Amino acid sequence: MDEKLKIKISIADRVYPLTVDMSQEEGLRSASKKIDLMIKQFEENYAVRDKQDVLAMCALQFASQLEQKQIDSSAENVEANERLKKINDLLASYLDR
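Residues numbered from 1 in each chain as written. Predicted model: local features only at pLDDT ≥ 70, side-chain atom pairs only at ≥ 80, totals over all residues. Heavy atoms only, no water.

In the annotation of an unreviewed UniProt entry, the entry for the chain reads Cell division protein ZapA, and the organism field reads Flavobacterium microcysteis.

Printed below as a string of C-alpha cells:
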C-alpha cells in the first residue's frame, strides 16, 4: 500500500495543498509545471486579462490533446486488427491446402 504524502502544488500563482499517494507525486508536479508553462505561453501570445480565461484555454488544450491521442490510438487499433485479419486469412488458406 502506498504511503500518503502531503504536498503543495502551485498553479497560476495559487498554492493547492494535496494529499496524494507517493506514486502520484511526480506526475502531479510535472503536470503543474506544464500547466504553468502553458499559462505563460497563452499570456505572452494572446491579450488575455483574466486568469480564468487562460485556465479555460489550458483545459481545452490538454483535453483536445487527450482526445486526439485516443482517436489516433483507435485508428491504429483498427489498422492493426485489419492486418491481423489478413494474416489470419492467409494462414487459414495455407493450412486448408
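What follows picks up the thread again.
J.: Report on the confidence of the model for the chain, specifying residues and quantitative values.
T.: Here the chain averages 91 in pLDDT, and 98% of its residues register 70 or above. Highest mean pLDDT in the chain belongs to strand β2 (residues 14-21) (96); lowest belongs to helix α2 (residues 51-95) (89). (pLDDT = per-residue confidence, 0-100. Helix = DSSP H or I, 4+ residues; strand = E, 2+ residues; numbered from the N terminus.)

J.: Run through the nonpolar core, naming residues and quoting values.
T.: Judged by nonpolar contacts, Ile 7, Ile 9, Ile 11, Ala 12, Val 20, Ile 35, Met 38, Ile 39, Phe 42, Val 54 and Cys 58 together constitute the single largest core of 11 residues. Counting residues per element, this core draws most heavily on helix α1 (residues 22-45), at 4 residues. (Core = buried A, V, L, I, M, F, W, Y, C linked by side-chain atoms within 4.5 Å. Buried < 20%, exposed > 50% of the residue type's maximum accessible area, 1.4 Å probe, protein only.)

J.: With reference to specific residues and values, describe the side chain of Ser 32.
T.: Along the chain, the position of Ser 32 falls in helix α1. Exposure remark for Ser 32: the relative accessible area of 8% places this residue in the buried category. Here Ser 32 is in contact with Ile 9, Ser 10 and Ile 11, once residues within four sequence places are set aside. (Contact = heavy atoms within 4.5 Å.)

J.: Could you give an account of the environment of Gln 61, naming the residues involved and the relevant values?
T.: Structurally, the position occupied by Gln 61 is in helix α2. With a relative accessible area of 33%, Gln 61 lands in the partly exposed category. In the structure, Gln 61 is positioned 20 residues away from Asn 81 in sequence and 30 Å away in space, judged by C-alpha atoms.

J.: Can you lay out the packing of aromatic side chains for me, pointing to particular residues and giving the numbers?
T.: Each aromatic ring pair is characterised by the separation of its centres together with the angle its planes make. Tallying each qualifying case throughout the model produces 1 aromatic pair. On the basis of an interplanar angle of 40° and a centroid distance of 5.9 Å, the ring pair of Phe 42 and Tyr 46 is categorised as tilted. For Phe 42, a relative accessible area of 12% translates into the label buried. (Phe/Tyr/Trp six-rings, centres within 6.5 Å; stacked < 30°, edge-to-face > 60°.)

J.: Account for unusual backbone geometry, with residues named and values stated.
T.: Even without glycine at this site, Ala 12 takes up a positive phi of about 55°. With respect to the secondary-structure elements, Ala 12 resides in the loop between β1 (4-11) and β2. Phi is positive for Asp 13, which is not a glycine, with a value near 60°. Within the fold, Asp 13 resides in the loop between β1 and β2. Looking at Asp 13, the relative accessible area reads 71%, which means it is exposed.

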